Every structure is written in C-alpha cells, then in structure tokens.
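Structural characterization, general
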Amino acid sequence: MKMMKSSLAASKSAAFIDRILANQSDERCAANEALADVLDAYLPTAYEAQLDEQINWLFDSMLRELGGQPGVAAPKTQIRGGRALLVTGKAGAGKSRALTHAFTNRPEFEGFGKEGEWCPLLSVVAPSPFTLGALGNVIVRALGYVGDREIKHSQVWPMVLELMAESGIRILHIDEAQHGDEIANDTMAQEIENTFKRMMQEVDWPVWLILSGLPNLARFCQDDASMRRRVRVLNFEPLSFAHHAAAVLDTMKTLVDLCKPVECSNLTSEAFAHRLLHAGTYQFGIIVEYIQDAIAECLAVEGGGELTIGHFADVYTIRTGVSDDELNPFLASDWTAIPVEVALYEDELDNSGNPIGVTKPKKRHTKGA
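A brief report on the enclosed structure follows.

Rules used throughout
- The numbering scheme is per chain: residues are counted from 1 as the chain's sequence reads.
- It should be noted that, the model being predicted, local features are given only for residues of pLDDT at least 70 and side-chain atom pairs only at 80 or more, the latter also being counted only at that level, while totals for whole chains, interfaces and linings use all residues.
- Neither water nor hydrogens contribute to the side-chain values; these are computed over all heavy atoms in the structure.
- Note on conventions: DSSP H or I runs of at least 4 residues are helices, E runs of at least 2 residues are strands, and numbering of each starts at the N terminus.
- Between buried and exposed lies partly exposed: a residue is buried under 20% and exposed over 50% of the maximum accessible area for its type, with that area taken using a 1.4 Å probe on protein chains only.
- Pairs of residues are marked as contacts when any of their non-hydrogen atoms sit within 4.5 Å.
- Each nonpolar core is a collection of buried residues, namely Ala, Val, Leu, Ile, Met, Phe, Trp, Tyr and Cys, held together in the definition by side-chain atoms within 4.5 Å.

With respect to the secondary-structure elements, Lys197 resides in helix H7 (residues 186-201). What makes Lys197 buried here is its relative accessible area of 17%. Discounting chain neighbours no more than four positions away, the residues touching Lys197 are Asp224, Ser226 and Met227.

Structure representation (structure tokens):
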C-alpha cells in the first residue's frame, strides 16, 4: 500500500511539473536556464575548514573508541563513547549549506542522499512542536519503519537504537535541534539529554551526534559534567563590514560571472557592500540569497543587462513587504538605523495594528535606477 501511494504521488507530481513546463514562457525558461549555475553554486567560507576539522575530531574519536587506527591497539573497553558536535549560528548563517556540502563531498559519507545506497550518517530535521517521542518517530521512519500509527515514547527509543545498529548508522545529524528548547519542563529537558547520552554510551553500538541550529543550542548538555567532555561547539559568527566587505563584493562578482546575460560593473563600492551586509543581517547565507534574487530580478524585468542597486531594492521590497524607500536599506539615506531583522522576521505594527511601511502595489526601483 505504501509503495502504491508513493508511486501514485510521484506520477501526479510529474504530471504537475509537465503542466508548469507547458505553460512556461520562453522568457521564463531562458531565465531559469541562466540562473541554474547561480543557484547551484557552493561558496565556501572560513568556517568550511573549521567544520572539516571538527568532523575529523568526530572520526578520530571513533577510531579511538572502535579500534582500527594503524599502530594503535583497540581499546579493551569503551573510553568515553560517542561525541557530539554542535553547529550553531543565526538563521541564514550558512550552517545547513555547509553541512550538506560536507555530507555530500566527504568520502567518509559516501552514499549520502543517494537512494538505495548505504551511508553511515543519518540526517533528520527535529519536529516542531518538539517532544522526545516525536523526534524518535521521525528517526525510525527515516530508518525505514513503515506504519500509520505514532509509536509511544516508551517504545520508540529502543527501536531507534536497534534500527541504528541494524542500518549501520554511526552518526546522527539533527537539524533545527534548538526546537528542543521548546520544552519548558526541566524534567523533560533532562530526559532529552539523558536519551542522547545513552545513545553515545551504548556499549554495543555507540552513536556520534551532529546537532545544528540557532545559537541557544550551545547550552546543550552544559549542565552535565560528563557530557561537557564529549561536546564541541562550532558557531557561525555574523559577518562584519570591517572584515568582510571585500569578500561580499567578490561573492557577488563570482555569482554574476556564472550568469552570462547579467553584468555588474557599477556595484563595486564598499558603501554598497555595507548596505548589502546590513540588509542581509550580516548573515552569509542571506546575503548570498539577496545576490541570487537580484540576479533573478534583473533577468525577469529586463532579460539581463546591468545589475543595479534598484534590483536589490526590489528584492528587499518583495522579501519584506516594505515599500517605503526610507525603510529600504538599499535606498534610505539613514539606512543603518533600519531594524532589518524586524522587517524580515516579524511585523512591526502601527497603533491601528497595520504593518508599518507595507502598501500595495509594491513599486519597482529597477527602471532608471
């Protein structure tokens, strides 16, 4: 039955894609083709080397715990068990992209993301609202369990441990792991930490963890002395104008060079880089998205040509709903005073309860910019 449902869903999805293609204009098709390399590009950061270093730490600890290091005798008993790497940073910092790149390209993770191929790493997204039982159910289903009913909390974690061993999974990656902070009950929070600790200390099949999420994730296991020895934290810090303006301009040039119909000869000043950094809340991933979206806007409106600050202003308007030029960091005179994070993540309301700076229709700044 499950296979039939899956096959039927795939067939319907393919039919829907065919409908989209059948009604796609030549201009949209050309723009999508021109954007393909821009959207697929992976832009390494300073954290890539640090992430590789910490993943090496996980692997080396496995060799010490499980044996296999040439010239080193296998341990007679478990030393510490598994370890946990916490990868933290604000939304848009680039954590998920960096982890996915590492999982896809490191030879130790061969098979990751490829259907039918074995990989020692399992990656899941933490559920929200978060409960320990819900997380366990997410993991067992990712490991192949098929069933319509939710498995009880008391039953699901023994299944997790059993299926992890049967599947040969040594590393569990949980993205959005900060959802665990949704649990206000201290007893339940302690139970979560204890569950992870048992996974890492399992005698027959210890598991190593990679947890990624917002900065508050760094508090994980800090109250447990035995766990602190097993945990390392890699925090993706925000960018700064003083140290990253030139790198931002280089990133934009790299992406524009991947799109033949678009050029960028005017946006080369540090002043523009500063506006872009501020608009992107100084988070590398968001800045890259702004550049990609501005290139897409240039293709959509003019079919290509010179990329201007007007394209970036339009993208900001589209992303936030803010159409007042004096609330747009690409156009405003006092742009450093604009609380961009408020515009991106929550509505700022006036006394009447209406979003400030939002009007329709949104005006474009591209023509003549």
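So much for the structure itself; the text now carries on.
This part covers unusual backbone geometry. Ser128 connects to Pro129 through a cis peptide bond whose omega is 5°. With phi around 50°, Thr281 is a residue other than glycine that occupies positive phi space. You can see Thr281 is positioned in the loop between helix H10 (270-279) and helix H11 (284-302). When its relative accessible area of 8% is taken as the criterion, Thr281 is described as buried. Backbone geometry places Tyr282, a non-glycine residue, at a positive phi of 65°.

One finds Met252, Leu276, Ile295, Leu307, Phe312 and Phe330 to be the most contacted residues of the largest nonpolar core, which totals 42 residues. Broken down by secondary-structure element, the contributors of at least two residues to this core are helix H2 (26-40), helix H9 (241-257), H10, H11 and helix H12 (309-320). Looking at this core element by element, the count peaks at ten residues for H11. If sequence neighbours within four positions are ignored, Phe312 has contacts with Met252, Leu267, Phe272, Leu276, Tyr290, Ile291, Ala294, Leu307 and Phe330. With 32 residues, the next largest nonpolar core counts Val124, Phe130, Ala177 and Leu211 among its residues.

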